[in-house]
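A look at the structure
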Amino acid sequence: MEEQFTRWERRTRRWALVFAGLAAVIGWGLALIPIQAGRPALTTFILATVPAVGVFVWRTGPIRRRRALLAEPFPPAWEAVLQQDVVFFRALDPDAQRRFRRDLQVFLGETRITGIKVEIDETTRVLAGASAIIPIFGFPEWEWDQVREVLVYPNRFDGEFDFGDRREHNILGMVGTGSLNRLMILAKPDLINGFRNATDKRNVGVHEFAHLVDKTDGHIDGVPGVGLAGGAVEPWLDLVRRKMAEIEEGKSDIDRYALTNEAEFFAVTAEYFFERPGLMQRKHPELYATLERVFNQDLGSRIGAIGRELKRGRRKFGRNSPCPCGSGRKFKKCCLQ
């Protein structure tokens, strides 16, 4: 994990040097005019260098902020949510769990989670962050530049972003476009239920972040910009067409919402892949193998652990149980508070 952020820091610092160098060239070029007019050369060049230093400090600010985030201890309340509700996390080995925690700290530290007429509690915050980490966990250098804020609604909403209980309020989540670019909207009850019902092959958080993985080539079209290099696109589209035909004919357990278009097929099958990888591997081996390449994740090596966690169900902690955060204290004296 240290290497991940070292590479990111090197890349950030390199661009900072480029912009600082440009500022220095411009500053020194402009400094030649006062020198010719008689101002002391040393003073002029020092003054001309100050903007370049300022640019470097400004451009490397994200490094210092991220280091400060990661210097903070992982919140015990977050650990409790992961242990209770996130099967994907529980099935990871200890080293991978440490990386998941750090990725979660970075995402939640750099992305706003905003409630719209609803409280953002720790469960909602952590599950929104987990939704972002799960699809890209196979890419240690991934940066979520495509989203700056997640808006959480109290209920499902319609195309005008009004929420309530009427029949037309049937949208669970949405990736913003146009004026809403880099925004995501999630309905709080569906976000939480997506993790607490871990066997239904549905998870709206993973669904929406899968759309952003799809968007890595600039388009949400069901053909992600990762994992389908070279001649893999046409076989993927052929597979999508065959699987959609099976759904249409009632010969598939993939949710019918996947028939909407290729983009929704990709997001729906991503939910299935991460929630029930063992089942998908048995029923749809070709689709499973392709999604393993797209997400760069060998879930096959964890199918046994995932199956055991699914069988165990949502972990419950009594007031006097040891706290799942590992503090050694009772649950009632720790994360329950």
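Residues numbered from 1 in each chain as written. Predicted model: local features only at pLDDT ≥ 70, side-chain atom pairs only at ≥ 80, totals over all residues. Heavy atoms only, no water.

This brings us to the nonpolar core. Nonpolar side chains tend to gather and get buried jointly when the protein is soluble and globular. Ranked by internal contacts, the top residues of the largest apolar core, which has 69 residues, are F100, W144 and W236. At eight residues, the largest contribution of residues to this core is made by helix α11 (residues 262–275). Residues within four places of F100 in sequence aside, it is in contact with L82, F88, F89, L92, A130, I133, I134 and F137. (Core = buried A, V, L, I, M, F, W, Y, C linked by side-chain atoms within 4.5 Å. Buried < 20%, exposed > 50% of the residue type's maximum accessible area, 1.4 Å probe, protein only. Helix = DSSP H or I, 4+ residues; strand = E, 2+ residues; numbered from the N terminus. Contact = heavy atoms within 4.5 Å.)

In this fold, T12 is placed in helix α1 (residues 2–36). Dropping the residues within four chain positions of it, T12 is found in contact with R59 and I63.

Glycine aside, the phi torsion of most residues is negative, and most peptide linkages are trans. The residue K117 is not glycine, and still its phi comes out positive at about 60°. Structurally, K117 is set in the loop between β1 (112–115) and α7 (122–133). Residue class for K117 comes out exposed when judged on its relative accessible area of 75%. With a phi close to 70°, F161 is a non-glycine residue in the positive phi region. Within the fold, F161 resides in the loop between β2 (149–153) and β3 (173–175).

Between helix α9 (residues 204–214) and α11, the least distance of the axes is 8 Å, while the angle of their chain directions is 130°. By the angle between their directions, the pair α9 and α11 is classed as oblique. Considering the relative orientation of α9 and α11, their crossing is right-handed. Residues V204, V206, H207, A210, H211 and D214 of α9 touch α11, and the partners they reach there are A263, E264, F266, A267, V268, A270, E271 and F274. The class makeup of the residues in the contact of α9 with α11 is nine nonpolar, two polar and three charged. (Axes fitted to C-alpha atoms, helices over the stretch in contact; angles between N-to-C directions. Parallel < 35°, antiparallel > 145°, perpendicular 65-115°, else oblique. Left-handed = near helix turned anticlockwise from the far one by under 90°. Nonpolar A, V, L, I, M, F, W, Y, C, P; charged D, E, K, R; others polar.)

Of all five residues making up β2, five are buried, and the element is well covered by its neighbours. Because side chains alternate across β2, one face comprises the buried residues E149, L151 and Y153, and the other comprises V150 and V152, equally buried. Sheet topology note: the β1/β2 ladder contains four bridges and is parallel. From the neighbouring strand, I113 faces β2, where its bridge partner is V150. With five bridges connecting them, β2 and strand β4 (residues 183–187) associate as parallel partners. Across the sheet, residue V150 finds its bridge partner in β4, namely M184. (Pairing = 2+ DSSP bridges.)

Moving on: the packing of aromatic side chains. Considering all chains together, one arrives at 20 aromatic pairs under this definition. Taken together, a centroid distance of 5.9 Å and an interplanar angle of 75° make the contact between F107 and F209 edge-to-face. Highlighted residues: F107 in helix α6 (residues 94–110) and F209 in helix α9, separated in sequence by 102 residues. Each member of the pair, F107 as well as F209, carries the same accessibility label: buried. Note that K201 overlies the ring of Y272, its terminal NZ or CZ placed 4.9 Å from the centroid. (Phe/Tyr/Trp six-rings, centres within 6.5 Å; stacked < 30°, edge-to-face > 60°. Lys NZ or Arg CZ within 6 Å of the ring centre and 35° of its normal.)

The next thing to look at is the environment of R10. Inspection of the secondary structure puts R10 in helix α1. The partly exposed category is assigned to R10, whose relative accessible area is 42%. For the pair R10 and I63, spaced 53 residues apart in sequence, the C-alpha separation works out to 9.5 Å.

Bringing the pattern of salt bridges into the picture now. Throughout the structure, instances matching the rule amount to 21 salt bridges. For R202, the salt bridge goes to D255, with nearest N and O atoms at 2.9 Å. In this pair, R202 is assigned in the loop between α8 (188–196) and α9 and D255 in the loop between α10 (233–248) and α11, connecting sequence segments 53 residues apart. On the basis of relative accessible area, D255 is assigned to the partly exposed category, the value being 28%. E248 is paired through a salt bridge with R256; the nearest N and O atoms lie 3.7 Å apart. Taking relative accessible area as the criterion, E248 reaches 52% and is therefore assigned exposed. (Salt bridge = Lys/Arg side-chain N within 4 Å of Asp/Glu carboxyl O.)

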